[in-house]
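Fold and geometry: a report
Residues per chain, in single letters:
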Number of protein chains: 2
Amino acid sequence: MTENAPSFGLLLFPNVTQLDLTGPYEVLARVPGAQVHLLWKTLDPVRSDTGLTILPTSTLAEAPPLDLLLVPGGGGINALLADEEVLAFLAERASGTRYLSGICTGSLVLGAAGLLEGKRAGTHWASRGFLSAFGATPVAERVVVDGTLFTGGGVTAGIDVALRIVGELFGEQTAKLIQLSIEYDPKPPFDSGSPDGAGAQVTDQLLARMRPMLDARAAAVAAGAEALRRRRSARAS
Amino acid sequence: MTENAPSFGLLLFPNVTQLDLTGPYEVLARVPGAQVHLLWKTLDPVRSDTGLTILPTSTLAEAPPLDLLLVPGGGGINALLADEEVLAFLAERASGTRYLSGICTGSLVLGAAGLLEGKRAGTHWASRGFLSAFGATPVAERVVVDGTLFTGGGVTAGIDVALRIVGELFGEQTAKLIQLSIEYDPKPPFDSGSPDGAGAQVTDQLLARMRPMLDARAAAVAAGAEALRRRRSARAS
């Protein structure tokens, strides 16, 4: 770790799903000595896809050295898949950063940056099919570890992913202390957290609501995968 | 509900534990048509106890009519227990608000406002003993429902509490759709979310770290309970 003070960078972008970010933030910020940086293009307030407004702490250009770079997901990732500044930042930083993480559809942004090629990865269940466009093997698990890459399922999976990261980086005792401090002993009132548990009727109703967003995402993923292919060909030639 | 557009108010105060607030926020904001208001004395940015900075959306003085008023917890509650402006706001609003909720140590703030007398209530496991100072019966459950009062255990319990609130107010189907959308199918990597699961060694180590904060809280609770008693006597005489 960076001089015994671990440095975590979380991307904070417009229309992020804030719990994708705030779940892991709470876990990572409780690591003793941790510095958690919220990174975006400017320091202006950033609005989540449900309206919660959070302040970045560092621009991408001035981001300090990081031990972990984490990309949350949400509606705003469709724009990121075509955002050359963000994709270049991720691709450049990935080589100097020890661990990478994508939460929910944040994984797709890592994919568009060329960081999932040949890797096992997870994402939100409704977007899992998009992973293969970026050369990743989709895995239907809540936490997926492939070497130094930690990806996860939808939204609340970020809490599990972050605890797993802390366990691997700082040992089980540190992770267990944090889990107890945030009383993460979940008791969902319904068994509706996965399509299997929720059943076809609930799942189909949600997919119908998500359809316009998922159609836009399919187009954004196709364009992002094509752009990645062009960048690769340009480098190879 | 308020003209079919449910209106939720969440208190946003300095040194809040941000996940106490952002967990329920994500659930409540996904109720169709919902307006979620982040309430504080001013509209200046508010810093959480781990450094995440969030913008309020309304001052206490200008808060709109609410269907639900929710108080999260965190280190900052010790100051709230002596904050007459906040306690008066909660006490005044409670009578016109259909549902009340306290997440984690936010429950203690409801207690200091005189809103837990004779009620069953939950809070963070390490602060549970403080509830009785405010006339509440402490309950060691993650979600505690007493009439229109919904309280919960520590930090992440806010997600469970919010899903339970949505289920009671808008029906199970709405709650299940939201649970599936945030993929709340938790798989904690360790069984360390409660003192029982974590065991004595982890629990004792965490309590030792929390000791200065818990000692300060004990003093703040005693002062808050005494102030409440004086206000009650003044009204009765």
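Analysis parameters
Residues numbered from 1 in each chain as written. Chains lettered and ligands numbered in written order. Predicted model: local features only at pLDDT ≥ 70, side-chain atom pairs only at ≥ 80, totals over all residues. Heavy atoms only, no water. Helix = DSSP H or I, 4+ residues; strand = E, 2+ residues; numbered from the N terminus. Rg over C-alpha atoms; globule rule 2.2 N^0.38 Å. Buried < 20%, exposed > 50% of the residue type's maximum accessible area, 1.4 Å probe, protein only. Areas by Shrake-Rupley, 256 points an atom, 1.4 Å probe, with all protein chains shown as cover. Lys, Arg positive; Asp, Glu negative; His and termini not counted. Charge placed at Lys NZ, Arg CZ, Asp CG, Glu CD. Least-squares fit on C-alpha atoms with pLDDT ≥ 70 in both. Contact = heavy atoms within 4.5 Å. pLDDT = per-residue confidence, 0-100. Buried area = accessible area lost by both parts, 1.4 Å probe. Salt bridge = Lys/Arg side-chain N within 4 Å of Asp/Glu carboxyl O. Polar contact = N/O pair within 3.5 Å; in protein donor to acceptor, adjacent residues only side chain to side chain. Nonpolar A, V, L, I, M, F, W, Y, C, P; charged D, E, K, R; others polar. Phe/Tyr/Trp six-rings, centres within 6.5 Å; stacked < 30°, edge-to-face > 60°. Core = buried A, V, L, I, M, F, W, Y, C linked by side-chain atoms within 4.5 Å. Pairing = 2+ DSSP bridges. Axes fitted to C-alpha atoms, helices over the stretch in contact; angles between N-to-C directions.

1. Some remarks on the overall build of chain A
- Looking only at helices and strands, chain A has seven helices and 11 strands in total.
- Relative to a compact globule of 237 residues, whose C-alpha radius of gyration would be 18 Å, chain A shows 17 Å and is just as compact.
- Burial analysis of chain A (237 residues in total) assigns 60% to the buried set.
- When the accessible surface of chain A is summed, it comes to about 8,700 Å², and 50% of that surface belongs to carbon and sulfur atoms.
- The distance from the centre of the 20 positive side-chain charges to the centre of the 24 negative ones in chain A is 4 Å.

2. Comments concerning the relation of the copies chain A and chain B
- Once chain A has been moved 0.0 Å along the axis and rotated by 180°, it coincides with chain B to within an RMSD of 0.0 Å. Expressed as a symmetry operation, the mapping of one chain copy onto the other fits a two-fold axis. Proximity to the rotation axis, assessed at the C-alpha, singles out Ile54(A) in chain A; its C-alpha lies 2.3 Å from the axis.
- When the interface residues of chain A are mapped onto chain B, 100% of them again fall at the interface, so both copies present the same face.

3. What to know about the confidence of the model for chain A
- Averaged over all residues, the pLDDT of chain A is 96; the fraction at 70 or higher stands at 98%.
- Overall fold confidence for the complex sits at a pTM of 0.96, while the interface term, ipTM, reaches 0.95.

4. A closer look at the side chain of Thr97(B)
All names here are of chain B.
- Within the fold, Thr97 resides in the loop between α3 (84-96) and β7 (99-102).
- Exposure remark for Thr97: the relative accessible area of 8% places this residue in the buried category.
- Beyond its immediate stretch of four places on either side in the chain, Thr97 contacts Leu66, Asp67, Leu68 and Leu69.

5. Brief notes about the interface of chain A and chain B
- In this assembly, 62 residues from chain A lie in contact with 62 residues from chain B.
- For the chain A and chain B pair, buried surface summed over both sides reaches about 5,500 Å², with 63% attributable to carbon and sulfur atoms.
- Among the residues of chain A in contact with chain B, Leu180(A), Glu183(A) and Phe190(A) are the three that bury the most area, contributing 15% of the side total.
- Linking chain A with chain B are zero salt bridges.
- There are 43 residue pairs in polar contact (both at pLDDT 80 or more) connecting chain A and chain B.
- When residues of the side of chain A that touches chain B are traced back to their parent elements, those giving at least two are α1 (18-29), β4 (53-54), α5 (157-170), α6 (172-181) and α7 (195-236) of chain A.
- Tallied by class, the residues present in the side of chain A that touches chain B amount to 27 nonpolar, 22 polar and 13 charged.

6. As for the packing of aromatic side chains
Residues and elements named next belong to chain A.
- On inspection of all chains with the given rule, the structure shows four aromatic pairs over all chains.
- Their ring planes at 55° and their centres at 6.0 Å tell us that Tyr99 and Phe150 sit as a pair that is tilted. Taken together, the positions of Tyr99 in strand β7 (residues 99-102) and Phe150 in strand β11 (residues 149-152) put the pair 51 residues apart, joining distant regions of the chain. For the residue pair Tyr99 and Phe150, the accessibility class agrees, reading buried in each case.

7. So, the nonpolar core
- Counting residues in hydrophobic clusters, the biggest one holds 162 residues, and the most contacted among them are Leu10(A), Leu81(A), Leu90(A), Leu10(B), Leu81(B) and Leu90(B).
- Residues contacting Leu81(A), with those up to four places away along its chain left out, are Leu87(A), Leu108(A), Val109(A), Ala112(A), Phe134(A), Ala220(A), Val221(A) and Gly224(A).

8. Details of the sheet that holds strand β2 (residues 35-40) of chain A
Residues and elements named next belong to chain A.
- Read across the open sheet, the seven strands follow the order β5-β2-β1-β6-β7-β11-β10; overall the sheet is mixed. In this open sheet, the two strands that pair with only one neighbour each are β5 (58-59) and β10 (143-146).
- Here three bridges tie strand β1 (residues 7-11) to strand β6 (residues 68-71), and the two strands are oriented parallel to one another. The residue bridging Leu10 from the neighbouring strand is Leu70, located in β6.
- Sitting on the sheet, α5 is in contact with β1, β6, β7, β10 and β11, with an inclination near 160° to β11.

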